[in-house]
Amino acid sequence: MKVAVTGATGMVGGQVVAAAVAAGHDVLAITRPGPDQRRTSVRIGRHTVPARTAALTDPAALRGALRGCAAVVHCAAVYAFGDARAAEVDQVNTEGTRAVLEAAAAAGVTRAVVTSSSVTCGSSLLPRARSEHDRLGPEPAPAYYASKVAQEEIALATGRRLDLEVVLALPTVVLGGSFTRLAPSNAIVLRYLLDPTRSTFPGGCNVVDARDVGAGHVGLLERGVAGERYLLGGEDVSWRMLHTLVSDLAGLPGPFAEMDAGSAWAVSAATEWWARLRDTTPLTTREEASTVGRFYWYASAKAQALGYAARPARASVAASLAWLAVSPDLPRWAREGLRLHPEVRAARDLVAAPLADTEGVSPRPRRSPPGWPRRRR
């Protein structure tokens, strides 16, 4: 099947590309316009796939890009928190989805998988797993959450209107790589690495490896029922358990004290203020802090019935650390304090770097970051 993937260069989209190629599909990457928009192919991980350029705001370009495809997996979205990007989050995640599906139907595409989020199923004050039957209720809901609820409604309504088979994928907290931009999910791990107090929180979340989410999307593409929502999660963990896993795999002490919702809100407010002074993106926001103390736990039985499977939380955390350890988002002072577990190195796929173009000149060996286990020869 010829499958187009929007957001193909993102963390989830890249894993969808890898999983679709492995499953034998003919994959086309849809990328947003940029300096290299004339490129006809793009390298994503180990794979080089054909590429076409189209902005979500350009219906004609989207129709042209999707022409000849039987299906589309729509992963392109804005995943961000805070007032500064609230309007962008709403516009891209809702109207962008409508534009892609309308262009897909006009181009002859018959099936679509749309990446939503588990947050549309809401959260609980008690540690219980929610399912696709649950919905976001009157609870703390950042703009990103609201945009995903609206996205689902628009996607299903557009599918019915245009006779397009639409399946919704609802990933939980996606950890791992590869990534070129730090998403709020991996930022959860990064925040803990940068916190000298090694604080944790009440409540919990469900974490899942990006590779499993990619494979889950392909499973839904092949076997998902049109009009249905499918949670793609991994393991339910308390915040203390998650931070304990990070400490163990990173070779750090902690976690220690548990920070309540009020303290988390105050710290986030200070973090946002400091980021504004430095004109940078804050690692945490008051929107995120408003969710502290709740359990974002989910059951993936519906997807599992179609063959979906996920790694345990420890493997997902190891994958996140594997990428953060070589990421510019992790400052040198923090990197030098890590004593990474061998599981972390094993979690990252090694991709050969291109050889130097200069004849007779060998590429310089790349040194591992401090704390990264060295390979024995």
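Nothing here was measured: the structure is a model prediction, and the numbers come from that model. (Residues numbered from 1 in each chain as written. Predicted model: local features only at pLDDT ≥ 70, side-chain atom pairs only at ≥ 80, totals over all residues. Heavy atoms only, no water.)

(A) Broad picture of the sheet that holds strand S7 (residues 165-171). Read across the sheet, 8 strands follow the order S3-S4-S2-S1-S5-S6-S7-S10 without closing on themselves; strand pairing throughout is mixed. Edge positions in the open sheet fall to strand S3 (41-44) and strand S10 (229-232), since each of these has one partner strand only. With direction set aside, neighbouring strand axes in the sheet form an average angle of 30°. Helix H1 (residues 11-22) rests against strand S1 (2-6), strand S2 (26-31), S3, strand S4 (47-53) and strand S5 (71-74) of the sheet, and its axis sits at about 120° to S4. (Pairing = 2+ DSSP bridges. Helix = DSSP H or I, 4+ residues; strand = E, 2+ residues; numbered from the N terminus. Axes fitted to C-alpha atoms, helices over the stretch in contact; angles between N-to-C directions. Contact = heavy atoms within 4.5 Å.)

(B) Quick peek at the confidence of the model for the protein chain. Mean pLDDT over the protein chain works out to 88, with 92% of the residues at or above the 70 mark. pLDDT under 50 marks residues 352-377. Its contacts with residues more than four places away, or in other chains, come to 26 contacts. (pLDDT = per-residue confidence, 0-100.)

(C) Structural view of the pairing of strand S9 (residues 204-209). Summarising burial for S9: 6 of the 6 residues are buried, a large majority. The two faces of S9 match: Gly204, Asn206 and Val208 on one face and Cys205, Val207 and Asp209 on the other face are all buried. Examined bridge by bridge, strand S8 (residues 173-175) and S9 share 3 bridges and lie parallel to one another. In the sheet register, Leu175 faces S9, and the bridge partner there is Asp209. In this region the chain leaves S8, passes through helix H5 (residues 184-194) and returns to the parallel neighbour S9; the handedness of that crossover is right-handed. Sheet topology places S9 next to strand S12 (residues 295-296); 2 bridges connect them, and they run parallel. Residue Cys205 lies in a different strand from S12, and its bridge partner there is Tyr296. Inspection of the sheet shows S9 paired to strand S11 (residues 235-238) by 4 bridges, in the antiparallel sense. Within S11, the residue paired with Cys205 across the bridge is Val237. (Buried < 20%, exposed > 50% of the residue type's maximum accessible area, 1.4 Å probe, protein only. Right-handed = clockwise from strand over helix to strand, strands pointing away.)

(D) Inspection of unusual backbone geometry at higher detail. Omega for the bond connecting Gly177 with Ser178 falls within 30 degrees of zero, at 0°, which places this linkage in the cis form. Inspection of the secondary structure assignment puts Ser178 in the loop between S8 and H5. Between Gly254 and the following residue, Pro255, the backbone shows a cis peptide bond with an omega angle of 0°. Along the chain, Pro255 falls in the loop between helix H7 (239-250) and helix H8 (261-278). Located in the positive-phi region is Asp163, a residue other than glycine, with phi close to 55°. Looking at where Asp163 falls in the secondary structure, it is placed in the loop between helix H4 (143-162) and S7. Not every positive phi belongs to a glycine, and Arg198 is a case in point at roughly 50°.

(E) How the structure looks around the nonpolar core. Membership of the largest hydrophobic core comes to 65 residues, with the highest contact counts inside it found for Val5, Val73, Leu193, Val207, Leu242, Val317 and Leu321. Sorting elements by how many residues they give to this core places helix H11 (residues 313-324) first, with 8 residues. With sequence-adjacent residues up to four places away left out, Val207 is seen in contact with Thr172, Val173, Leu175, Gly234, Glu235, Val237, Leu242, Ala313 and Ser316. With 35 residues, the next largest nonpolar core counts Leu62, Val72, Val100 and Ala155 among its residues. (Core = buried A, V, L, I, M, F, W, Y, C linked by side-chain atoms within 4.5 Å.)

(F) Region of the structure containing H4. Its 20 residues give H4 an end-to-end C-alpha distance of 28 Å, which sits within 8% of 28 Å, the value for a rise of 1.5 Å per residue. Listed in full, the buried residues belonging to H4 are Tyr144, Tyr145, Ser147, Lys148, Gln151, Glu152, Ile154, Ala155, Leu156, Thr158 and Gly159. Buried residues belonging to H4 abut S5, helix H3 (86-106), strand S6 (111-115), S7, S10 and S12. Taken from the residues just after H4, Asp163 is the one with a positive phi, measuring 55°. (Expected span 1.5 Å × (residues − 1).)

(G) Main features of the packing of aromatic side chains. By the definition in use, this model includes 5 aromatic pairs. Put simply, the rings of Tyr144, Tyr145 and Tyr296 touch in pairs and so form one group of aromatic residues. The ring centre of Tyr192 lies 5.8 Å from the NZ or CZ of Arg198, which sits over that ring. For Lys302, the ring lying beneath its charged end belongs to Tyr230, and the centroid distance is 4.9 Å. (Phe/Tyr/Trp six-rings, centres within 6.5 Å; stacked < 30°, edge-to-face > 60°. Lys NZ or Arg CZ within 6 Å of the ring centre and 35° of its normal.)

(H) Representation of the side chain of Thr200 in the model. Mapped onto the secondary structure, Thr200 falls in the loop between H5 and S9. If we skip the residues at most four places from it in the chain, Thr200 touches Trp239, Arg240, His243, Pro255, Phe256, Ala257, Glu258 and Met259.

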